[in-house]
Amino acid sequence: MGRPFLKMNGLGNDFVVVETRSAPFEPTAAQVRAIADRATGIGCDQLIAVGPAEGADAHVRFWNADGEEVGACGNGTRCVGWLLMQSSGKDEAVIETRAGRLVATRAGERLVSVDMGPPRLEWNEIPLAEPHDTRALDVVLYHHADLMAPPGCVSMGNPHVVFFVPDAEQAPAAEAGPAIEGHPLFPEHVNVGFAQVKAPDRIRLRVWERGAGLTKACGTGACAAMVAASRRGLIGRHATMELDGGELFVEWRADGHVIMTGPAAVDFQGELP
């Protein structure tokens, strides 16, 4: 008998979620890639393992579709938080991740808020290979007319670079994304956001995720783009983020914590081979 899994998504950013309390789960990079393959596997942007934790409701691990384990996934955390709250009957779930402790709370019918903690803004926290002003990088990462304005950098437990563009639909995300992801300035590679500020409280965002490519939504990317825009004075301390898969609401509170609110959905269940 194979290992049970749930297929879930947050605004189309989709996950294979595996419970590891009853049996250990240590997939190789090749196994992760096989599971994530949309042609021959189950297909997903990230694989998620939910296991036991002391002093928390669960310890959660994330792997991108390319097989690399990563520290954070905002939409995935929201989905896991919903599962844990459904199981416990409570309105809060405490989740340990490699990037730190996160708290999910019920925000409505299938709506979950996640306290993503404070953003990391220093160059060595992103991390960058050398010192830079992360509010506005003084370096050209990709030669394109829409990407010449200095981008901002934020870590939300994983590294993000955010370009502010005149039109997110026309931004060269599929071409620039992979080139910037592997730029030498980012020793751990980077997620690449293309953000169009449409109003003081609304941003249209597309994200090239490291190890996954263009995704319908990226929770940490939405948080990073909102923080980067606020640091530049382009918006205030909260915004509705328009992603390909739908909308997230992000607030950068006065205490420094970033709160992300959005839906979680279960698609189907099955068994890993």
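Procedures and definitions
- Note that residues are indexed from 1 along each chain, following the sequence as it is written.
- Local features in this predicted model are restricted to residues of pLDDT 70 or higher, and side-chain atom pairs are both shown and tallied only at a pLDDT of 80 or more, whereas totals for entire chains, interfaces and linings draw on every residue.
- Calculated side-chain values reflect all of the structure's heavy atoms, with hydrogen atoms and water omitted.
- Every helix listed is a DSSP run of H or I at least four residues long, and every strand listed is a run of E at least two residues long, numbered separately from the N terminus.
- Exposure categories follow from relative accessible area, calculated using a 1.4 Å probe and restricted to protein chains: below 20% of the type maximum is buried, above 50% is exposed, and the middle band is partly exposed.
- For this analysis, residues touch if any pair of their heavy atoms sits within 4.5 Å.
- We call two N or O atoms a polar contact when they sit within 3.5 Å, provided that within protein one can donate a hydrogen and the other can accept it, with sequence-adjacent residues counted only if both atoms are side-chain atoms.
- Nonpolar cores were defined as sets of buried Ala, Val, Leu, Ile, Met, Phe, Trp, Tyr and Cys residues, with membership established by side-chain atoms within 4.5 Å.
- Given a helix with a known number of residues, its expected span is that number minus one, times 1.5 Å.
- Salt bridges are defined as contacts in which a side-chain nitrogen from Lys or Arg sits within 4 Å of a carboxyl oxygen from Asp or Glu.

Enquirer: What am I meant to see in the environment of proline 118 here?
Expert: The residue proline 118 is located in the loop between strand E8 (111-115) and strand E9 (152-155) in this model. The partly exposed category is assigned to proline 118, whose relative accessible area is 46%. Considered as a pair, proline 118 and glycine 55 are 63 residues apart in the sequence and their alpha carbons are 21 Å apart. Setting aside residues up to four positions removed in sequence, proline 118 forms contacts with Gly256 and His257.

Enquirer: What should I look at first to understand the side chain of threonine 20 in this one?
Expert: Within the secondary structure, threonine 20 sits in the loop between strand E2 (13-19) and helix H1 (29-36). The class for threonine 20 is buried, based on a relative accessible area of 15%. Within the structure, the side chain of threonine 20 is placed 3.4 Å from the backbone nitrogen of glycine 51, a separation counted as a polar contact. In contact with threonine 20, not counting residues within four places along its chain, are Arg3, Phe25, Ala49, Val50, Gly51 and Pro52.

Enquirer: What exactly am I supposed to notice about the nonpolar core here?
Expert: Inside soluble globular proteins, nonpolar side chains tend to come together where they are buried. In this structure, Ile48, Val50, Val60, Leu205, Met241 and Leu243 are the most contacted members of the largest nonpolar core, which totals 51 residues. Examining the composition of this core, we find that eight residues originate from one element, helix H4 (residues 219-231), more than from any other. In this structure, Leu141, Cys153, Ala173 and Phe194 belong to the second largest nonpolar core, which totals 20 residues.

Enquirer: Any chance you could explain unusual backbone geometry here in plain terms?
Expert: Only a minority of non-glycine residues have a phi that is not negative, and only a minority of peptide bonds are not trans. Look at the link from isoleucine 126 to proline 127: it is a cis peptide, with omega at -5 degrees. Inspection of the secondary structure puts proline 127 in the loop between E8 and E9. Within the chain, arginine 110 stands out as a residue other than glycine whose phi angle is a positive 60 degrees. Relative to the helices and strands, arginine 110 resides in the loop between strand E7 (100-108) and E8. Take arginine 110: its relative accessible area is 36%, and that puts it in the partly exposed class. Not every positive phi belongs to a glycine, and histidine 189 is a case in point at roughly 60 degrees. Residue classification places histidine 189 among the partly exposed residues on the basis of a relative accessible area of 36%.

Enquirer: Got a minute to help me understand helix H2 (residues 74-88) in this structure?
Expert: Within an α-helix, residues lying three or four positions from one another point in the same direction, as the helix has 3.6 residues per turn. Counted at 1.5 Å a residue, the expected span for H2 with its 15 residues is 21 Å, and the 21 Å between its end C-alpha atoms agrees. Among the residues making up H2, those that are buried are Gly74, Asn75, Gly76, Thr77, Arg78, Cys79, Val80, Gly81, Trp82, Leu84 and Met85. Within two residues after H2, glycine 89 carries a phi angle of roughly 80 degrees, on the positive side.

Enquirer: Help me understand H4, please; the structure alone is not making it clear to me.
Expert: Taking 1.5 Å of rise per residue, the 13 residues of H4 would be expected to cover 18 Å, and the 19 Å separating its terminal C-alpha atoms lies within 8% of that figure. With respect to burial, H4 is a largely interior element, 13 of its 13 residues being buried. Two residues or fewer after H4 comes glycine 233, characterised by a positive phi angle close to 75 degrees.

Enquirer: Would you mind showing me how to read the side chain of arginine 78 here?
Expert: Position of arginine 78 among the secondary structure elements: in helix H2. Engagement of the side chain of arginine 78 in a polar contact is seen with the backbone oxygen of proline 263, the distance being 2.8 Å. With near-sequence residues (within four places) excluded, arginine 78 lies in contact with Gly10, Leu11, Val112, Val114, Leu248, Met260, Thr261, Gly262, Pro263 and Ala264.

Enquirer: It is not clear to me how the pattern of salt bridges should be interpreted in this structure. Could you clarify?
Expert: Close approach of charged atoms allows side chains with opposite charge to pair. Evaluated as defined, the whole model comprises 14 salt bridges. The partner of arginine 38 in a salt bridge is aspartate 14, and the shortest N-O contact between them spans 2.8 Å. Within this pair, whereas arginine 38 is found in the loop between H1 and strand E3 (46-51), its partner aspartate 14 is found in strand E2, the two being separated by 24 residues in sequence. A relative accessible area of 51% means that arginine 38 is categorised as exposed. Here the salt bridges share partners, and the residues they tie into one network are Lys7, Asp14, Arg38 and Asp45.

Enquirer: Explanation requested: the environment of leucine 83 in the structure shown.
Expert: Within the fold, leucine 83 resides in helix H2. For leucine 83, a relative accessible area of 22% puts it in the partly exposed group. Between the C-alpha atom of leucine 83 and that of glutamate 188, which follows or precedes it by 105 residues, the distance is 30 Å. Discounting chain neighbours no more than four positions away, the residues touching leucine 83 are Leu6, Met8 and Val17.

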